[in-house]
Every structure is written in structure tokens, then in C-alpha cells.
Amino acid sequence: MGEIVTDAAIMAALGRQMTKAVQKQAVAAGNLANLDTPGYRAQEVSFADALEGQLATPALVATDSNHFGVAAGVPERGQTGDAPGLAARRDGNNVQLDKELLSLGRAGGEFSAAQAVLSAKFRLVRYAINEGR
Amino acid sequence: MSTLLSAMNASASALDVQRARMEVAVSNMANADSTRGADGQPYRRREVVLESVPGEPSAQFRGLVASGVRVAAVVEDQADFRRRFEPSHPDADAEGFVAVPNVDVPEEMVDMLGAARAYQANLTAITLIRDTIQRALELAR
């Protein structure tokens, strides 16, 4: 059976991307806030946990061919863990300013990209609602 | 959204803390030669102790929280006062030495630079988060 990509699935995916970006920004902001806290370990959204969270979620099943497309993996779950492989300073803190700022900026870009596509989708929907006017 | 706001709060707490660090460094430098304090002793160098504050765990993002930071304490540096030979000084001891504060001005300068940098970084973070919120609001247009 051919996979049909529905609007709902696309929008859910975009929503997930935005949520992920927000999570990354929040974690980077927390790290930056603790730039000078002795003993603080830089946190990051761990990919493995995030993936597991997505896979472990029981996806809804379309039991009828008339059902609308079901968005897979609903709740977004991000877990944070110590970021590996960072050199710690003498006070035990291993936050790296450039890395965190980069992560903030990149997450902002990802969010913007998803937002642009999502608002294009919304425009289409509005166009349809207004009967093309 | 609330995650973004909590992230912004974390950055704001850092701005607060860095400003406190700056104030303490400035106070240390201002008093680098104060040989008499309220207790009659020379001024003692002060230091800010920072502490990470775990944010409120959110139900939606299990375990994901932006941790803020706060000033845990301002402690006095217990290092010995430095001694300067200045027999004419009113606070000089019998041997002609004056106890001067244990403040090292270059060290304070470095500390202040660090605080200014960290302040800047957190301000940038706030700007970026604000942009993200702005983008999210644009969806509603």
C-alpha cells in the first residue's frame, strides 16, 4: 500500500521539529546561564532518549480506510543528559560559550524553517476556507 | 511556549548574577586601598558564589528544564592582608607596615571581563529566544 502523506502528518512533523528546536534553545539557554557556575555540567537533549521516546509511543492505528491520516509518535519527549566529550575547566564547569551560542542560533534557524513551511500550509488552508478569495 | 519562557527566565537570572559579580568586582577595586573598614580592619576582598537552580520540571518535556543560576552567597576572601611599608601612614604598625586589603586589581579586571562576556552571551540568548517567540506568534497572522 502506497504511503499517503497527509496534511495532518506534515503539520505534526513540523510541530515536532519546532518543539525540538525549542527544547534545544531552552537547554542551551540553561547552559549559558550557568557559564560560571562551578561544577555545572553542560546539558544536552540526548538523541537516543528522544528517539526512544518517539518509538515507545504507541502510534494510533488507522483501522478503517476512511480514517484520516494518523500522525505518528504523538508526545514529544526530550530528556537531557550531560553532554559528553567537553573539556572541563578547573572548577569542573564544562560549558562552552561558542558551542551553546551556535546551538541557540541553529535551533532558531530550524524553528524558523518549520514555521515558514507551517505558515505556508496555514495559508493554503485559509485560501481553501475563503473559497479562493 | 512555557519552555521558551523558562529559558528566558534562566537567561534573565544569569544577567542578574553577572551584574552582581560586576558590582562585587567594582567594589573590590574601589576599596583596593581602604585600610579601615567598619570593623576597623582593612577591607576584605569579596567573592560571589554561584549556584545552579534546577528549573520546574515540565510535564510535557519530561526531564527537560532550563536551569537558572543565582548568587548563593557573597563571601569574604580570608587570604592574608598584604603588607606595605609606609611608616608615615596613620594605620602603620610598630614596624612601619600598613596592612592593605587582599585585593588584586588585575584579578578583579579579569573577573569583570568574564562577567561582561557572560552578560553579553546571555543577552544574545534572550534575543534569540525572543526571535523564536516572535516567529511562533507569526503563525497566528
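Residues numbered from 1 in each chain as written. Chains lettered and ligands numbered in written order. Predicted model: local features only at pLDDT ≥ 70, side-chain atom pairs only at ≥ 80, totals over all residues. Heavy atoms only, no water.

All names here are of chain A. If you check the backbone angles, E131 has positive phi at about 55 degrees while not being a glycine. In this fold, E131 is placed in the segment after helix 3 (97-129). With relative accessibility at 65%, the residue E131 sits in the exposed group. (Helix = DSSP H or I, 4+ residues; strand = E, 2+ residues; numbered from the N terminus. Buried < 20%, exposed > 50% of the residue type's maximum accessible area, 1.4 Å probe, protein only.)

Our focus in this paragraph is the layout of surface pockets. Volume-wise, the second largest pocket comes out at about 380 Å³. A:D36, B:R21, B:E47, B:V48 and B:D111 are, among the 18 residues lining the second largest pocket, the residues nearest its centre. Put simply, the parts of the chain that give the lining of the second largest pocket at least two residues each are helix 1 (2-30), strand 1 (46-53) and helix 2 (105-138) of chain B. It is strand 1 of chain B that contributes the most residues to the lining of the second largest pocket, 5 residues altogether. Considered class by class, the residues forming the lining of the second largest pocket number 7 nonpolar, 1 polar and 10 charged. (1 Å grid on protein atoms, 1.4 Å probe; cavity = no way out; pocket = protein on both sides within 12 Å on 5 of 7 lines; lining within 4 Å. Points joined across faces, edges and corners; volume = space filled by probe spheres on them. Nonpolar A, V, L, I, M, F, W, Y, C, P; charged D, E, K, R; others polar.)

Once that is clear, we can look at the interface of chain A and chain B. Contact residues are listed per partner, giving 36 residues for chain A and 34 residues for chain B. Summed over both partners, the interface of chain A with chain B buries about 2700 Å², with 62% contributed by carbon and sulfur atoms. Interface area lost by chain A to chain B is led by A:A33, A:D36 and A:Q115, which between them contribute 17%. Our enumeration of links across chain A and chain B arrives at 1 salt bridge. Between B:R21 and A:D36 there is a salt bridge, with the nearest N and O atoms lying 2.7 Å from each other. Our enumeration of links across chain A and chain B arrives at 10 residue pairs in polar contact (both at pLDDT 80 or more). (Contact = heavy atoms within 4.5 Å. Buried area = accessible area lost by both parts, 1.4 Å probe. Salt bridge = Lys/Arg side-chain N within 4 Å of Asp/Glu carboxyl O. Polar contact = N/O pair within 3.5 Å; in protein donor to acceptor, adjacent residues only side chain to side chain.)

This paragraph deals with the side chain of A:K121. Structurally, the position occupied by A:K121 is in helix 3. Other than its neighbours up to four places away in sequence, A:K121 contacts A:D7, A:I10 and A:M11.

Residue and element names in this part refer to chain B. A complete count under the given rule lists 1 aromatic pair over all chains for this structure. Between the aromatic rings of F85 and F97, the centroid separation amounts to 5.4 Å while the plane-to-plane angle is 65 degrees, which identifies the pairing as edge-to-face. Separated by 12 residues along the polypeptide, F85 in strand 3 (residues 82-85) and F97 in strand 4 (residues 97-100) bring together distant segments of the chain. Look at F85 and you get exposed, because its relative accessible area is 54%. Cation over ring: R83 sits above F97, and NZ or CZ is 4.4 Å from the ring centre. (Phe/Tyr/Trp six-rings, centres within 6.5 Å; stacked < 30°, edge-to-face > 60°. Lys NZ or Arg CZ within 6 Å of the ring centre and 35° of its normal.)

Residue and element names in this part refer to chain B. Looking at chain B, the pLDDT average stands at 88 and 92% of residues meet or exceed 70. Mean pLDDT per element in chain B: strand 3 is the minimum at 90, and helix 2 is the maximum at 94. At the level of chain-chain contacts, confidence expressed as ipTM amounts to 0.76, with global pTM at 0.77. (pLDDT = per-residue confidence, 0-100.)

What follows is about the packing of helix 3 of chain A against helix 2 of chain B. Put simply, helix 3 of chain A and helix 2 of chain B touch, their axes get as near as 10 Å, and they point 10 degrees apart. In terms of axis orientation, helix 3 of chain A runs roughly parallel to helix 2 of chain B. When helix 3 of chain A is examined against helix 2 of chain B, the residues A:L97, A:L101, A:L104, A:G105, A:G108, A:F111, A:S112, A:Q115 and A:A116 are found in contact with a partner set consisting of B:A121, B:T124, B:A125, B:L128, B:I129, B:T132, B:R135, B:A136 and B:E138. A class-by-class count of the residues in the contact of helix 3 of chain A with helix 2 of chain B yields 10 nonpolar, 6 polar and 2 charged. (Axes fitted to C-alpha atoms, helices over the stretch in contact; angles between N-to-C directions. Parallel < 35°, antiparallel > 145°, perpendicular 65-115°, else oblique.)

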